[in-house]
Amino acid sequence: MIHEVRGVVARSKGAPVTVETVLVPDPGPGEALVAVQACGVCRTDLHYRQGGINDEFPFLLGHEAAGVVEGVGDGVDTVAPGDFVILNWRAVCGRCRACRRGKPWYCFDTHNAAQSMTLSDGTALAPALGIGAFVEKTLVHSGQCTKVSPAIAPEIAGLLGCGVMAGLGAAINTGGITRGDSVAVIGCGGVGNAAIAGAALAGATTIIGIDVDPGKLQWATDFGATHAINARESDAVEAVRSYTGGFGADVVIDAVGRPETWRQAFFARDFAGTVVLVGVPTPDLMVPEIPLLEIFGRGGSLKSSWYGDCLPERDFPMLVDLHLQGRLPLEKFVSETITLDDMEAAFEKMERGEVLRSVVLLGGPG
């Protein structure tokens, strides 16, 4: 059976997206059909539209989503119809060298659906991050479905599928923040504020938000930052040191991903401290010139964080439970709820820095 649904498609580089008819097949072996209830508008979707990921147009956008499993293919025993799930784009294989080393969050052979979703003329769509969720129903590999408590609102749950998980994981998983630590976060958008929330959850006592936008610095305070630095008005490195006894922070998270901010992160950390790069650089950017002796002499760790080094089946249910217990304010990330037809306006608001997350609500069950 073919399911005829509406979805957001990017047909060519830089062109406005369109809402079109998408044909979704029934799930084959190892696959799941999901009725999408909500999907966040992530900057990665904008990168796909702009041709910044690859040129495999047309793309079916959307990946930061939650919904209800409608059907499963042969051999699927991890989810069943009726399960409420968050979609993830790192369905681990369990067999590659990373998985065999006991580090599945680095899996090098993650799963996607084998069948294609298409336009009505048969043109195959490339789903964003292997998901494609700005659509009423999507086809994914069953391993991309993580079952969580249905008590959480879909528009909140879906955000764990990408940006919020990336920030929380950068703090807790990659950065290893623990009680009493000092932390600085450069860039206080969605990912950066998730890192701030993660630092607060982990027990950091000094949490410094750094941005050039006063509105984003207010968001940082709302998520638990104890100090806010406007980098247009003061030297960010010196300001971090002033809040940490002159030493620098134990962990500095770069949620921007530019040479200038990474250099700031490097020098804003304490000796033997940790730098975590979670902001995604564009391909043209290079590591800033830093004397090799500085890297040796300062010690510590320089890390990158892929998807917050998360393991969805471990992390998503835990974080949902923490939210439901009132200990993780995920609802604060939802700036507005919109429809599929509002996508271009949502991209514009994102670029202007007016929202943490716009979330598309769809007509899935529930």
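The paragraphs below set out a description of the structure included in this document. This one's a predicted model, so the numbers in the text were calculated from it and none came from an experiment.

So, on to the pattern of salt bridges. The tally for this structure, following the rule as stated, stands at twelve salt bridges. The residue arginine 258 makes a salt bridge to glutamate 260 at a minimum N-O spacing of 3.2 Å. Between arginine 298 and glutamate 294 there is a salt bridge, with its nearest N and O atoms 3.0 Å apart. Remark: glutamate 294 and arginine 298 occur in helix α9 (residues 292-298); sequence separation between them is four residues, near one turn of the helix.

On to the layout of surface pockets. In this model, the largest pocket occupies a volume close to 1400 Å³. If you trace the largest pocket, you find 45 residues lining it, with Arg43, Thr44, His47, Gly279 and Val280 closest to the centre. Every element with two or more residues in the lining of the largest pocket is listed here: α1 (43-49), α4 (163-174), α5 (190-202), α6 (214-222) and α11 (343-351). Per-element tally for the lining of the largest pocket: the top contributor is α1, with four residues. Here the residues of the lining of the largest pocket are counted per class, giving 24 nonpolar, 15 polar and six charged. There is about 290 Å³ of room inside the second largest pocket. Thr78, Ser142, Gly143, Cys145 and Glu313 are, among the 16 residues lining the second largest pocket, the residues nearest its centre. Of all the elements in the fold, those that place two or more residues in the lining of the second largest pocket are β10 (145-147) and α10 (312-324). For the lining of the second largest pocket, the element with the most residues is β10, which contributes three residues.

What follows concerns the sheet that holds strand β11 (residues 182-186). Strand order in the open sheet made by the six strands is β13-β12-β11-β14-β15-β16, with parallel pairing throughout. Edge positions in the sheet fall to β13 (227-230) and β16 (301-304), since each has one partner strand and no second. Across this sheet, the average inter-strand angle for adjacent strands is 15°, counted without regard to direction. Across five bridges, β11 lies against strand β12 (residues 206-211) in parallel orientation. Paired with valine 185 across the strands is glycine 209, a residue of β12. Against the sheet, helix α8 (residues 259-268) engages β11, β14 (249-254), β15 (269-277) and β16, with an angle of about 150° to β15.

Both strand β1 (residues 2-10) and strand β2 (residues 18-25) contribute to a ladder of eight bridges, which runs antiparallel. Along β2, the bridge assignment pairs valine 8 with valine 19. For β1 and strand β4 (residues 59-60), the ladder comprises two bridges, and the chain directions are antiparallel. The residue of β4 that forms the bridge with valine 9 is leucine 60.

Geometrically, the link from phenylalanine 57 to proline 58 is a cis peptide bond, its omega value of 0° lying close to zero. Here proline 58 lies in the loop between α1 and β4. Residues other than glycine seldom take positive phi values, yet leucine 129 does so here, at roughly 50°. Looking at the element boundaries, leucine 129 is found in the loop between β8 (126-127) and β9 (137-141). Even without being glycine, aspartate 309 reaches a positive phi, approximately 45°. The residue aspartate 309 is located in the loop between β16 and α10 in this model. For aspartate 309, a relative accessible area of 6% translates into the label buried.

To continue, consider a nonpolar patch on the surface. Together, Leu292, Ile295 and Leu302 give the surface a local cluster of nonpolar side chains, amounting to about 270 Å² of exposed area. With respect to the helices and strands, leucine 292 occurs in helix α9. The class for leucine 292 is exposed, based on a relative accessible area of 68%.

About the criteria used
- Residues numbered from 1 in each chain as written.
- Predicted model: local features only at pLDDT ≥ 70, side-chain atom pairs only at ≥ 80, totals over all residues.
- Heavy atoms only, no water.
- Salt bridge = Lys/Arg side-chain N within 4 Å of Asp/Glu carboxyl O.
- Helix = DSSP H or I, 4+ residues; strand = E, 2+ residues; numbered from the N terminus.
- 1 Å grid on protein atoms, 1.4 Å probe; cavity = no way out; pocket = protein on both sides within 12 Å on 5 of 7 lines; lining within 4 Å.
- Points joined across faces, edges and corners; volume = space filled by probe spheres on them.
- Nonpolar A, V, L, I, M, F, W, Y, C, P; charged D, E, K, R; others polar.
- Pairing = 2+ DSSP bridges.
- Axes fitted to C-alpha atoms, helices over the stretch in contact; angles between N-to-C directions.
- Contact = heavy atoms within 4.5 Å.
- Buried < 20%, exposed > 50% of the residue type's maximum accessible area, 1.4 Å probe, protein only.
- Patch = residues over 30% accessible without salt bridge, like charges linked within 9 Å, V, L, I, M, F, W, Y side chains within 5 Å.
- Areas by Shrake-Rupley, 256 points an atom, 1.4 Å probe, with all protein chains shown as cover.

From the geometry alone we can't say anything about function, so treat these as descriptive.
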